[in-house]
Number of protein chains: 2
Amino acid sequence: MEQNETQQYEDLLVKNGLKRTGARLQVLDILSHRESATSQPYLENVVGKEIDRVTLYRILKTFEEKGIIHRVLDNHGTANYAICSNSCSEHNHHDEHVHFNCNNCLRVYCLDDVKIPALKIEKGFQIADMNLVVSGICKDCNKAN
Amino acid sequence: MEQNETQQYEDLLVKNGLKRTGARLQVLDILSHRESATSQPYLENVVGKEIDRVTLYRILKTFEEKGIIHRVLDNHGTANYAICSNSCSEHNHHDEHVHFNCNNCLRVYCLDDVKIPALKIEKGFQIADMNLVVSGICKDCNKAN
DNA sequence: TTATTGATGCAATAATGATGCATTAACATT
DNA sequence: AATGTTAATGCATCATTATTGCATCAATAA
Ligand SMILES: [Mn+2]
Ligand SMILES: [Mn+2]
Ligand SMILES: [Zn+2]
Ligand SMILES: [Zn+2]
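Since this is a predicted model, take the numbers as computed values, not measurements. (Residues numbered from 1 in each chain as written. Chains lettered and ligands numbered in written order. Predicted model: local features only at pLDDT ≥ 70, side-chain atom pairs only at ≥ 80, totals over all residues. Heavy atoms only, no water.)

**Comments concerning the coordination of the manganese ion (ligand 2)**
Residue and element names in this part refer to chain B. Coordination of the manganese ion (ligand 2) by the protein is provided by His-70 (NE2), His-97 (NE2), His-99 (NE2) and Cys-110 (SG), with metal-donor distances spanning 2.0 to 2.2 Å. In the primary sequence, the donor residues of the manganese ion (ligand 2) line up as H-x26-H-x1-H-x10-C. Remark: His-97 occurs in strand 4 (residues 97-102) and His-70 occurs in strand 2 (residues 69-73); sequence separation between them is 27 residues. With a relative accessible area of 5%, His-70 lands in the buried category. Taking relative accessible area as the criterion, His-97 reaches 2% and is therefore assigned buried. (Donors = N, O, S within 2.8 Å, 3.2 Å for Na, K, Ca; no water. Helix = DSSP H or I, 4+ residues; strand = E, 2+ residues; numbered from the N terminus. Buried < 20%, exposed > 50% of the residue type's maximum accessible area, 1.4 Å probe, protein only.)

Okay, structure coming up:
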């Protein structure tokens, strides 16, 4: 964990009124360096000896609430998390980009450049959030064949 | 269960090479008469004394594979199922309409008229399926306040 | 009517996630 | 630096959704 990155994570925690604990810093560091969204099971596999399962769930939930990370359900219904790119804040997410779930490697990609198009839905339905998950075979897996 | 409806369900099963069992007919009947998508837990609550949990899961999986029903994950990651409207067949679904998950009543609506817009995503990603779940407050729940 | 094979029920297990409560550690205050 | 306060953690336990193995049963074909 580089020095100025650590500082950056600490600032992020403080800014959100969260104590800067080792577990939180570690989770932030891992999520920040991954190229795709990350599930609790994956994280547990990495830090399970150092951080308790429940703590991990709670950290992820807290981070999501604070707008530090956003949640994507993959095709198995498992939650995956990725760092929010820009302007998210407490209970105010702006991550309406498309996600891609590879059927082969199971990775969940944030397609940050692909926004979810506006929809015309029946009057009476009040939209709070939209989640578009595309599944198929990812770039890497296609290349590998 | 009306007589000609039963006949219709039996035909559907036979057409898909499935034996017409009481459990399957019952599941078809229930799903056909519901206005929103339905989860296994809901079904179990209704027919749990007559049909085993595991049988229910297997029926749903089989129906999905045959293109009789389609699966939608709600915001909790729980699978919900709805009858396929038209031209779905084995391993060949065409249910690319938007779904609406109410945060209040938790219902999952099939917005059959709202199609998922085409997307331009990076070359290399091969799309097999798309799922767009919109969450918010549904028509009924908005009315009720 | 019998044989075949698919379908079911039961028991057990897996995976993801939440809750209650005692203990610990981070931060503010003195 | 010591102390107090409150958030954060760890552990045990439980909940929910879903799957697997295997013996039994029943729907359809022969
Ligand atoms: Mn994302
Ligand atoms: Mn639908
Ligand atoms: Zn892949
Ligand atoms: Zn509602």
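What follows continues from the structure just given.
**Details of the coordination of the zinc ion (ligand 3)**
When a metal holds four donors in a tetrahedron, each ideal angle between them is 109.5 degrees; when it holds six in an octahedron, the ideal angles are 90 or 180 degrees. Residues and elements named next belong to chain A. The protein atoms that coordinate the zinc ion (ligand 3) are Cys-102 (SG), Cys-105 (SG), Cys-138 (SG) and Cys-141 (SG), at distances of 2.2 to 2.4 Å. The site at the zinc ion (ligand 3) holds four donor atoms, and with the angles between them running 105 to 114°, its shape is tetrahedral. Summarised as a motif, the one-chain spacing of the donors to the zinc ion (ligand 3) is C-x2-C-x32-C-x2-C. The class of Cys-138 is buried, set by a relative accessible area of 0%. (Tetrahedral: all angles 85-135°; square planar, octahedral: opposite > 155°, others 65-115°.)

**Observations regarding the sheet that holds strand 4 (residues 97-102) of chain A**
To summarise the sheet geometry, strands pair through backbone hydrogen bonds and adopt either a parallel or an antiparallel arrangement. Overall, mixed pairing links the six strands, which are arranged 5(A)-4(A)-6(A)-6(B)-4(B)-5(B) in an open sheet. The outermost strands of the open sheet, each flanked by one partner alone, are strand 5 (108-115) of chain A together with strand 5 (108-115) of chain B. Within this sheet the neighbouring strands show an average axis-to-axis angle of 30°, counted without direction. (Pairing = 2+ DSSP bridges. Axes fitted to C-alpha atoms, helices over the stretch in contact; angles between N-to-C directions.)

**As for the protein's contact with DNA strand C**
Neighbouring DNA strand C are 20 residues; Arg20(A), Arg53(A), Thr21(B), Arg24(B) and Arg58(B) lie closest to it. The share of sugar and phosphate among atoms of DNA strand C within 4 Å of the protein is 64%. Residue Asp52(B) places a main-chain N or O atom 3.2 Å away from a phosphate oxygen belonging to DNA strand C. In this structure, Arg58(B) approaches DNA strand C through a side-chain N or O atom, which is 2.6 Å from a base oxygen. For the surface near DNA strand C, the elements supplying multiple residues, two or more each, are helix 4 (53-66) of chain A together with helix 2 (22-33) and helix 4 (53-66) of chain B. Class assignment for the residues of the surface near DNA strand C results in eight nonpolar, three polar and nine charged. (Near = heavy atom within 4 Å. Polar contact = N/O pair within 3.5 Å; in protein donor to acceptor, adjacent residues only side chain to side chain. Nonpolar A, V, L, I, M, F, W, Y, C, P; charged D, E, K, R; others polar.)

**Brief notes about the nonpolar core**
Across soluble globular proteins, nonpolar side chains have a tendency to be buried as a group. Phe100(A), Leu132(A), Phe100(B) and Leu132(B) are the most contacted members of the largest nonpolar core, which has 30 residues in total. Those residues in contact with Leu132(B), other than ones at most four positions away along the chain, are Ile116(A), Leu119(A), Met130(A), Asn131(A), Leu132(A), Val98(B), His99(B) and Ile116(B). In terms of nonpolar packing, the next biggest core, distinct from the first, is built from 21 residues, Leu13(A), Leu43(A), Ile51(A) and Leu56(A) among them. (Core = buried A, V, L, I, M, F, W, Y, C linked by side-chain atoms within 4.5 Å. Contact = heavy atoms within 4.5 Å.)

**Some points on the interface of chain A and chain B**
Tallying the contact residues gives 35 residues for chain A and 35 residues for chain B. Both faces considered, chain A and chain B share a buried interface measuring about 2700 Å² in area, 62% of it formed by carbon and sulfur atoms. At the surface where chain A touches chain B, the tally comes to two salt bridges. The partner of Lys139(A) in a salt bridge is Glu122(B), with the nearest N and O atoms 3.7 Å apart. Put simply, chain A and chain B have 14 residue pairs in polar contact (both at pLDDT 80 or more) between them. Those elements giving two or more residues to the side of chain A that touches chain B turn out to be strand 2 (69-73), strand 4, strand 5, strand 6 (126-137) and helix 5 (139-143) of chain A. (Buried area = accessible area lost by both parts, 1.4 Å probe. Salt bridge = Lys/Arg side-chain N within 4 Å of Asp/Glu carboxyl O.)

**Observations regarding the protein's contact with DNA strand D**
Neighbouring residues of DNA strand D: 20 residues in total, closest Thr21(A), Arg24(A), Thr55(A), Arg58(A) and Arg20(B). Put simply, 62% of the atoms of DNA strand D that lie within 4 Å of the protein are in sugar or phosphate. Ala79(B) places a polar main-chain atom, nitrogen or oxygen, 3.1 Å from a phosphate oxygen of DNA strand D. Listing elements by their share of the surface near DNA strand D, those giving two or more residues are helix 2 (22-33) and helix 4 of chain A together with helix 4 of chain B. Looking at side-chain class alone, the surface near DNA strand D contains eight nonpolar, three polar and nine charged residues.

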